[in-house]
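Descriptive structure summary
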Number of protein chains: 2
Amino acid sequence: MNFCSHCGEQVEHKIPQGDNRHRYVCTVCEHIHYQNPRIIAGCIAEYKNQILLCRRAIEPRYGLWTLPAGFMENQETTVEAAERETLEEANAKIADIRLFCSFSIPHISQVYMMYRGNLLNGFASPGEESLQTALYSEVEIPWDELAFPVITETLKLYFSDKQNGKFQIYNGEMRRDNNRTMNTLIYPDDF
Amino acid sequence: MNFCSHCGEQVEHKIPQGDNRHRYVCTVCEHIHYQNPRIIAGCIAEYKNQILLCRRAIEPRYGLWTLPAGFMENQETTVEAAERETLEEANAKIADIRLFCSFSIPHISQVYMMYRGNLLNGFASPGEESLQTALYSEVEIPWDELAFPVITETLKLYFSDKQNGKFQIYNGEMRRDNNRTMNTLIYPDDF
């Protein structure tokens with residue numbers, strides 16, 4: 001950020017009075033431009049023990065597989081965002097949608113909100129951002145060609161719960177360590 | 001938004017090619033300025049059957065009572081945001097923190113992520129954004145002086161679960177109808 005989106009003058013990166021974090025502040029109108037994490041909402045859509053995956057037609061991770069998911073828009077609910085992304089990326093509709101997991105990924109300031117549900121009529125086809133859609137059972141999932149660690153983690157939890165016959169709601173975080181390896185922490189869910 | 005924060009030239013509000021929503025787009029460098037919902041994270045902190053509330057020293061809703069909560073910052077997890085807000089607004093620390101509910105409020109593009117936990121040592125005192133902190137049992141809660149409908153809803157669910165002896169994780173939405181009344185929808189949690 002170089003310029004104030006309100007008045008067009010230059011911003012500086014400083015800690016505003018009464019604050020404790022650096023913000024972009026206009027040198028003329030003094031408007032403070034806050035920046036906040038973004039939510040990525042998506043779906044695990046199941047049909048006859050198979051899960052809908054999309055092969056990415058866009059960067060990053062072009063050509064790799066992912067669950068339908070994307071940035072939540074203003075004036076949406078998290079469910080609406082998850083359903084819209086599933087429709088946009090896979091022309092697919094979901095029934096019986098339920099929250100499944102929420103992961104914070106602090107180094108990229110993202111919060112994932114992933115839902116689970118039933119893929120309506122088992123139908124999917126590639127949207128503009130997908131090269132291909134496919135329904136995969138657990139053993140068929142291309143585990144080495146998944147686009148993002150959070151997608152791998154989400155699918156592992158899903159199949160584990162499915163095996164146990166009971167779905168939970170997971171909350172956790174994924175952090176990158178000094179070796180650029182992503183480490184997952186799932187918070188305990190009762191006390 | 002009037003000016004491009006990258007190059008300082010004017011923006012226009014239009015649907016970019018390949019998109020289906022209005023965005024602020026720079027008339028010169030063509031940068032698209034996306035705007036997304038913000039997360040508000042906070043805590044229900046309990047001590048001996050009492051809940052920590054803060055009386056707001058800032059607008060909106062100056063003088064009304066709320067749970068400690070505020071905008072999640074970049075590079076944070078949702079838990080860290082909830083803990084930081086509780087420390088900033090009430091000088092209070094939380095043990096055994098667990099996700100309790102997440103509500104989308106689409107007309108203001110906010111997503112609440114509220115945690116529950118135990119107030120460490122029962123200690124709290126007003127931070128800069130609070131006039132007063134207090135520990136209230138269910139019957140003592142100033143129900144008619146709560147700052148936001150989502151806080152009322154969260155507290156109702158909390159005390160209801162407490163009565164039932166079992167805490168769930170809730171996901172839902174709050175919408176404002178034509179009479180400006182807020183209506184809450186809690187999504188089903190299993191199928």
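Residues numbered from 1 in each chain as written. Chains lettered and ligands numbered in written order. Predicted model: local features only at pLDDT ≥ 70, side-chain atom pairs only at ≥ 80, totals over all residues.

Two strands in a sheet stick together by hydrogen bonds in their backbones, pointing the same way (parallel) or opposite ways (antiparallel). Residues and elements named next belong to chain A. An order of β1-β2-β3 is seen for the three strands of this open sheet, with the pairing classed as antiparallel. Because the sheet does not close on itself, it has two edges, and the strands there are β1 (11-14) and β3 (32-33). Sheet topology places strand β2 (residues 23-26) next to β3; two bridges connect them, and they run antiparallel. When the sheet's bridge partners are listed, tyrosine 24 is paired in β3 with histidine 33. (Pairing = 2+ DSSP bridges. Helix = DSSP H or I, 4+ residues; strand = E, 2+ residues; numbered from the N terminus.)

Another aspect to go through is the relation of the copies chain A and chain B. Laying chain A over chain B is done by rotating through 180 degrees and shifting 0.0 Å along the axis; what remains is an RMSD of 0.0 Å. Taken together, the turn and the small shift mark the pair as related by a two-fold rotation axis. A shared binding surface is used by both copies, with 100% of the interface residues of chain A retained as interface residues in chain B. (Least-squares fit on C-alpha atoms with pLDDT ≥ 70 in both. Contact = placed C-beta atoms within 7 Å.)

The next point concerns the interface of chain A and chain B. Often the size quoted for an interface is simply the accessible area lost on bringing the parts together. Contacts between the two partners involve 38 residues from chain A, matched on the other side by 38 residues from chain B. Looking at the side of chain A that touches chain B, the elements that each hand over two or more residues are β4 (38-47), α1 (78-90), β8 (94-105) and β11 (170-176) of chain A. Among the elements that take part in the side of chain A that touches chain B, β8(A) stands out by supplying four residues, more than any other. Broken down by class, the residue content of the side of chain A that touches chain B amounts to 15 nonpolar, 14 polar and nine charged. (Nonpolar A, V, L, I, M, F, W, Y, C, P; charged D, E, K, R; others polar.)

The next subject is the sheet that holds strand β2 (residues 23-26) of chain B. Residues and elements named next belong to chain B. The strand order across the open sheet formed by three strands is β1-β2-β3, and the pairing between neighbours is antiparallel. The open sheet terminates on both sides in strands that have one partner only, identified here as β1 (11-14) and β3 (32-33). Bridge analysis of β1 against β2 gives four bridges, and the strand direction is antiparallel. Note on β2: the bridge partner recorded for valine 11 is cysteine 26.

A few words now on the environment of Ala95(B). Here Ala95(B) shows up in strand β8 (residues 94-105). Sequence-distant contacts of Ala95(B), defined by excluding residues within four places in its chain, comprise Gly117(B), Asn118(B) and Leu120(B).

As a further point, take the environment of Thr152(A). All names here are of chain A. Examined against the element boundaries, threonine 152 turns out to sit in helix α2 (residues 149-164). Since 17 C-beta atoms lie within 10 Å of it, threonine 152 is described here as partly exposed. In this structure the C-alpha to C-alpha distance between threonine 152 and proline 142, which are ten residues apart in sequence, comes to 9.9 Å. Ignoring anything within four residues of it in the chain, the contact list for threonine 152 reads Trp143 and Leu146. (Buried ≥ 20, exposed ≤ 12 C-beta atoms within 10 Å, placed from the backbone.)

Residues and elements named next belong to chain B. Sheet topology places strand β11 (residues 170-176) next to strand β12 (residues 182-186); five bridges connect them, and they run antiparallel. Paired with glycine 172 across the bridge in β12 is isoleucine 186. In textbook terms, the turn of a hairpin is the stretch between consecutive antiparallel strands, and for β11 and β12 this stretch comprises five residues, one of which, arginine 180, has a positive phi near 65 degrees.

Per the domain assignment, the segments of chain A are domain 1 (1-35) and domain 2 (38-186). Each of domain 1 of chain A and domain 2 of chain A has a C-alpha centre, and these two points are 35 Å apart. (Domains from an automatic or database assignment.)

With that out of the way, let us pick up helix α2 (residues 149-164) of chain B. Residues and elements named next belong to chain B. With 16 residues, α2 extends 23 Å from end C-alpha to end C-alpha; this agrees with the ideal 22 Å at 1.5 Å per step. Regarding α2, the residues found buried are Val150, Ile151, Glu153, Thr154, Leu155, Leu157 and Tyr158. Two residues or fewer past α2, glycine 165 is found with a positive phi of approximately 75 degrees. (Expected span 1.5 Å × (residues − 1).)

For residues other than glycine, phi is negative in most cases, and the peptide bonds are mostly trans. Residues and elements named next belong to chain A. Here glutamate 59 and proline 60 are connected by a cis peptide whose omega angle stands at -5 degrees. Tracing the sequence through the fold places proline 60 in the loop between β5 (50-56) and β6 (65-66). Positive phi is not limited to glycine here, since glutamate 30 has a value of about 65 degrees. Note on placement: glutamate 30 falls in the loop between β2 and β3.

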